[in-house]
Amino acid sequence: MVKVEFLGPIQKPTLELEITNLNELPAILQADAEVNIWLESCAVALNDTLVSSLEAPLKDGDKISLLPPVCGG
Amino acid sequence: MLNIYTGALKVPHILKEWYKEENSSNYGAYISFVGTVRSEDGIDGLSFDLYEPILYSWFHDWEEKAIKLGAKIKMAHSLGDVMLHESSYIAAVFSPKRRVALELIDEFVEDFKANAPIWKYDLKDNKRIYAKDRSTAISGSGLLAKG
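Note that this is a predicted model, so its numbers are computed, not measured.

Rules and cut-offs
- Residues numbered from 1 in each chain as written.
- Chains lettered and ligands numbered in written order.
- Predicted model: local features only at pLDDT ≥ 70, side-chain atom pairs only at ≥ 80, totals over all residues.
- Helix = DSSP H or I, 4+ residues; strand = E, 2+ residues; numbered from the N terminus.
- Buried ≥ 20, exposed ≤ 12 C-beta atoms within 10 Å, placed from the backbone.
- Contact = placed C-beta atoms within 7 Å.
- Rg over C-alpha atoms; globule rule 2.2 N^0.38 Å.
- Nonpolar A, V, L, I, M, F, W, Y, C, P; charged D, E, K, R; others polar.
- Pairing = 2+ DSSP bridges.
- Expected span 1.5 Å × (residues − 1).
- Arc of directions from axis to C-beta.

Undergrad: Account for the overall build of chain B, with residues named and values stated.
TA: Looking only at helices and strands, one finds 3 helices and 7 strands in chain B. Traced from its N-terminal end to its C-terminal end, chain B shows the element sequence β-α-β-β-α-β-β-α-β-β. Dimensions of chain B, computed from C-alpha atoms along their principal axes, come out at roughly 50 × 45 × 25 Å. Taken over 147 residues, chain B has a buried fraction of 33%. The long-range fraction of contacts in chain B, counting pairs at least 24 apart against all pairs at least 6 apart in sequence, stands at 74%.

Encoded structure:
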């Protein structure tokens, strides 16, 4: 089981999914209209490290985070 | 050093503390940047969410970069509501000579705006509205929209 959390303004509770590779995530999230609108502008982190590829095996307890556009200061 | 405070920053206190911490460290330059909430578009203030694990690792990378240049970076940021004319952000660079500090503060603040995991909301008419138009997608965004 892995967790997918939505940060900042994406008002969506954490998902728990049975997937074994990060490359399975796009199809699942694209099917959710509420989340799909954010995907083009979101960065992805696996266990709090930003990733540049979705080819990543997942293990039980992994945490995936979606980071929408930022504006600090 | 990165400090997160709930609500507005006590700017004179923080700048003074940072000065006291470093005034015998043999740095010749101390340059600070203070971000203050301006009155515009009828807002009552701003509000901030942040994601600490990635914020701290992003800041750590900058600390390492500064050390290689013989410099030191400090930052303070607000969490939650900050009202008009209060401050939500302070960044400072200490370095042996002015040129490194001037260049590093510019580079650091620009990267902060583009990549630090902080989300801004306008406080207006008792609502908290995501500042979408003023926000920037983090480098490498969009991976999940493909495939």
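So, next bit.
Undergrad: Quick rundown of the overall build of chain A? Include the residues and the values.
TA: If you tally the helices and strands in chain A, you get 2 helices and 5 strands. Taking 2.2 N^0.38 as the reference for a compact globule, 73 residues should give roughly 11 Å; the C-alpha atoms of chain A span a radius of gyration of 12 Å, in line with that estimate. With the C-alpha coordinates of chain A rotated into their principal frame, the extents come out at 35 × 25 × 20 Å. Expressed as a percentage of the 73 residues in chain A, the buried residues total 36%. Sequence-distant contacts in chain A: of pairs separated by 6 or more residues, those separated by 24 or more amount to 57%.

Undergrad: Can you break down the interface of chain B and chain A residue by residue, with the values?
TA: Each side of the interface is counted separately: chain B has 32 residues, and chain A has 24 residues. Sorting the residues of the side of chain B that touches chain A by element identifies α2 (52-68), β5 (87-95), α3 (98-115) and β6 (118-124) of chain B as the ones contributing at least two each. Tallied by class, residues from the side of chain B that touches chain A come to 16 nonpolar, 11 polar and 5 charged.

Undergrad: Which residues make up the pairing of strand β4 (residues 72-83) of chain B, and what values do they have?
TA: Residues and elements named next belong to chain B. Where strand β1 (residues 2-6) lies against β4, 5 bridges are found, and the strand directions are parallel. Each residue of the ladder has a partner; that of asparagine 3, found in β4, is alanine 76. Inspection of the sheet shows strand β3 (residues 45-50) paired to β4 by 4 bridges, in the antiparallel sense. Among the inter-strand pairings, phenylalanine 48 is bridged to a residue of β4, identified as glycine 80. The pairing of β4 with β5 spans 6 bridges and is classified as antiparallel. Note that in β5 the partner of lysine 74 across the bridge is alanine 92. Counting the residues that bridge the hairpin from β4 to β5 gives 3 residues, and of these histidine 85 lies at a positive phi of roughly 70°.

Undergrad: Provide a residue-level description of unusual backbone geometry, including the pertinent values.
TA: The phi torsion of most residues other than glycine is negative, and most of the peptide bonds are trans. All names here are of chain B. The backbone phi angle of aspartate 41 is positive, close to 55°, even though this residue is not glycine. With respect to the helices and strands, the residue aspartate 41 is situated in the loop between β2 (29-36) and β3. Classification of aspartate 41 as exposed rests on a count of 7 C-beta atoms within 10 Å. Of note in this structure, asparagine 126 is not a glycine but carries a positive phi near 60°.

Undergrad: Tell me about α2(B), and please be specific about residues and values.
TA: Under the 1.5 Å per step criterion, the end-to-end length of α2(B) is 24 Å for 17 residues, consistent within 8% with the ideal 24 Å. Along α2(B), the residues classified as buried are B:Ile54, B:Leu55, B:Trp62 and B:Ala66. One face of α2(B) carries all of its buried residues, which in axial projection span an arc of 125°. Turned more than 90 degrees away from the buried face of α2(B), the exposed residues are B:His60, B:Asp61, B:Glu64, B:Ile67 and B:Lys68. Against the buried residues of α2(B) lie β3 (43-46) of chain A together with β3, β4, β5, α3 and β6 of chain B. Positive phi appears at B:Gly70, one or two residues downstream of α2(B), with a value of about 75°.

Undergrad: I'd love a proper account of the pairing of strand β1 (residues 2-6) of chain A, names of residues and values included.
TA: Residue and element names in this part refer to chain A. Residues Val2, Val4 and Phe6 point to one face of β1 and are all buried, whereas Lys3 and Glu5, pointing to the other face, are not buried. As judged from the 3 bridges shared by β1 and strand β2 (residues 15-17), these two strands associate in the antiparallel manner. Residue lysine 3 lies in a different strand from β2, and its bridge partner there is glutamate 16. Inspection of the sheet shows β1 paired to strand β5 (residues 63-67) by 4 bridges, in the parallel sense. Note on β5: the bridge partner recorded for lysine 3 is lysine 63.

Any link to function would need more than the numbers given here.
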